[in-house]
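Chains, contacts and geometry: an overview
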Amino acid sequence: MESLQLIVVIAVGVLAMGWLSRRTGLSEPLLLLGAGCLVGLTPPFASFALSPNVVLFLFLPALLYWESLTSSVREIRNNFRSIALQSTGLVLATAVAVAAVAHALGYSWPIAFVLGAVLAPTDAAAVAALAKAMPRRILTVLRTESLLNDGTALVLLAVTIEVVTDEQPFSWSGTALAFVASYAGGILMGAAIALFLIPVRRRLPEPLLHSVLSVATPFLAYLPAELLHVSGVLAVVTCGLVTSRFGPRFIGSDARIQAIAFWEVASYLLNSALFILVGIQLPAAVRALTSVTLAQAMIAAVAVNVAVFGTRLAWFYSIPYLVRLLDRRPQQRDRRITAPQRLPLAWAGMRGGISLAAALTVPAATAEGQVVGQRDAVVFITAVVIVVTLALLGPTLPTVVRHARFPQDEDRTAELTLARCHMSSAALRALPELAQQFEVPEADTLRMVRDIEDRAASAPDSTRRRESVRRLELALLQVKRDTLTNLRDAGRIDDIVLRTVQEVLDVEEVRLGRRTNHPAPKSSREDPAHP
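The paragraphs below set out a description of the structure included in this document. (Residues numbered from 1 in each chain as written. Predicted model: local features only at pLDDT ≥ 70, side-chain atom pairs only at ≥ 80, totals over all residues. Heavy atoms only, no water.)

1. With respect to the pattern of salt bridges
Per the stated rule, a full pass over the model turns up 10 salt bridges. For Glu415, the salt bridge goes to Arg74, with nearest N and O atoms at 3.0 Å. Residue Glu415 is found in helix α19 (residues 410–437), and its partner Arg74 is found in helix α4 (residues 73–78); the two are separated by 341 residues along the sequence. Judged by its relative accessible area of 32%, Arg74 is partly exposed. Asp489 serves as the salt-bridge partner of Arg488, at 2.9 Å between the closest nitrogen and oxygen. By relative accessible area, Arg488 is classed as buried at 13%. Salt bridges here are not isolated pairs; linked through shared partners, they connect Arg74, Glu75, Arg136 and Glu415. (Salt bridge = Lys/Arg side-chain N within 4 Å of Asp/Glu carboxyl O. Helix = DSSP H or I, 4+ residues; strand = E, 2+ residues; numbered from the N terminus. Buried < 20%, exposed > 50% of the residue type's maximum accessible area, 1.4 Å probe, protein only.)

Written as structure tokens, this is what we have:
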């Protein structure tokens, strides 16, 4: 019953906060976090405990896989140096800075480094939700950093937890070896799983099975990596990137449409649910605080927040300039950004559910059975940092992006034009032979030629004309839907027939590329069979 209550609360919270965010323009992650906090104050959820395994083994693989599927492999390759430095060097620098601050405030070095490892990675969900207005290159760097830095932080956390529980003494060489083995093993495992699944995908007979395999893929990559004690995060990310690279060659359009629709809903629901779950856990984190006073914990949380943001800010205004001095190649000079344009990169340092889940994985006792001191403070400080970064950095990020004055992404527009022109030219060259092969009448062939040429045109008048025709076709589709529903309501056709014809209309609507800012006229009555 408690699980069912939680599911209902999460569903209602996601719907209500999503609606409120769109009505008010407020940060959706922050609203979800606040809603979860209010739920956590109610008696039924006062004793709720977020399982770190649920986050690390259910939420994390699915969210990482979708983010990697929608990333640009080319942009990652072009910006690999920046991404690698941020996902490793910045993570380690943040962990050291947080540990130094915590130790100065009275925390032991092992527990201070645990706190540093917990708070080192940024949150992929928060970054993806709040950094959409950035240029393609900058957004790719941030998203990929947030995907990969989880792997670095979790390896560092595993090492520090072993030190805290007295299972293994700290060793620089051992730590370095653990990083290399985890990274290399995760990458190899992810690539192997993705390549193994290619022939499997080729042989699947229908789109539904493709979608099932798509859902299972992140877990097929994550589980064996974790069993082999290598980075499951890097395994999932690598698997997603390899799949996105080769997928268009062997995944059909019907399977792709179905899978994309599923992942868009699933990723949104998982992201939103994670913020609510974190919010529900916040009151429990306050109640569990016993090793230090609330005032002492709040002072530590404020100091750690300053360390987290200050380290990120110092990184982006120091390391890139150092690299610039060492690398004077012309192609690198062309990729440089101004100092104001670096601020959004530093500002996008939100922490989220992964950090809280990592904090909750810290054991309560050592191998000898002794209580791990200040574990409750680690969980509390982590929760406060999550709230502060989402509350302060998230809502102000769009303003920071506007003041950075990023130039228009002209390369993207040029590439879109290039793609359309080359596709149209290839289609026009192949059309006469294909028309003859399929015995298409000349009049229909000429109509298709005009249609291809019109779609390839880039003139504003042509674009407006195509949009008008598209809206007309969408309006006619709605007339057909109304007629179909009326026939069903009158008992002249069966619901099964309605759904069969409706599927054809839906495919046609997808072909027309319906957009929410140009909706078709609404029907005068509801269609209960159309979700």
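From this point, the narrative continues.
2. Details of the nonpolar core
Residues Tyr107, Leu115, Leu119, Val304, Met350 and Ile381 are the most contacted members of the largest nonpolar core, which totals 124 residues. Sort the elements by how many residues they give to this core and helix α18 (residues 375–404) lands first, with 14 residues. Of all hydrophobic cores here, the second largest spans 6 residues; its members include Leu474, Leu484, Leu498 and Leu512. (Core = buried A, V, L, I, M, F, W, Y, C linked by side-chain atoms within 4.5 Å.)

3. Remarks on the side chain of Ser355
Here Ser355 shows up in helix α17 (residues 353–360). Reaching out from Ser355, the side chain makes a polar contact with the backbone oxygen of Val118 at a distance of 3.0 Å. Among residues more than four places away in sequence, those in contact with Ser355 are Val118, Leu119, Pro121, Thr382 and Ile386. (Polar contact = N/O pair within 3.5 Å; in protein donor to acceptor, adjacent residues only side chain to side chain. Contact = heavy atoms within 4.5 Å.)

4. Section: helix α6 (residues 109–119)
Counting buried positions along α6 yields 8 of 11 residues, so the element is predominantly enclosed. Within α6, the full set of buried residues consists of Ile111, Ala112, Val114, Leu115, Gly116, Ala117, Val118 and Leu119. At its buried positions, α6 is contacted by α5 (80–104), α8 (136–164), α13 (294–316), α17 and α18.

5. Considerations on the side chain of Ser267
Looking at where Ser267 falls in the secondary structure, it is placed in helix α12 (residues 253–287). Look past the residues within four positions of Ser267 in its chain and what remains in contact with it is Leu63 and Trp66.

No statement about biological role is implied by the geometric values presented.
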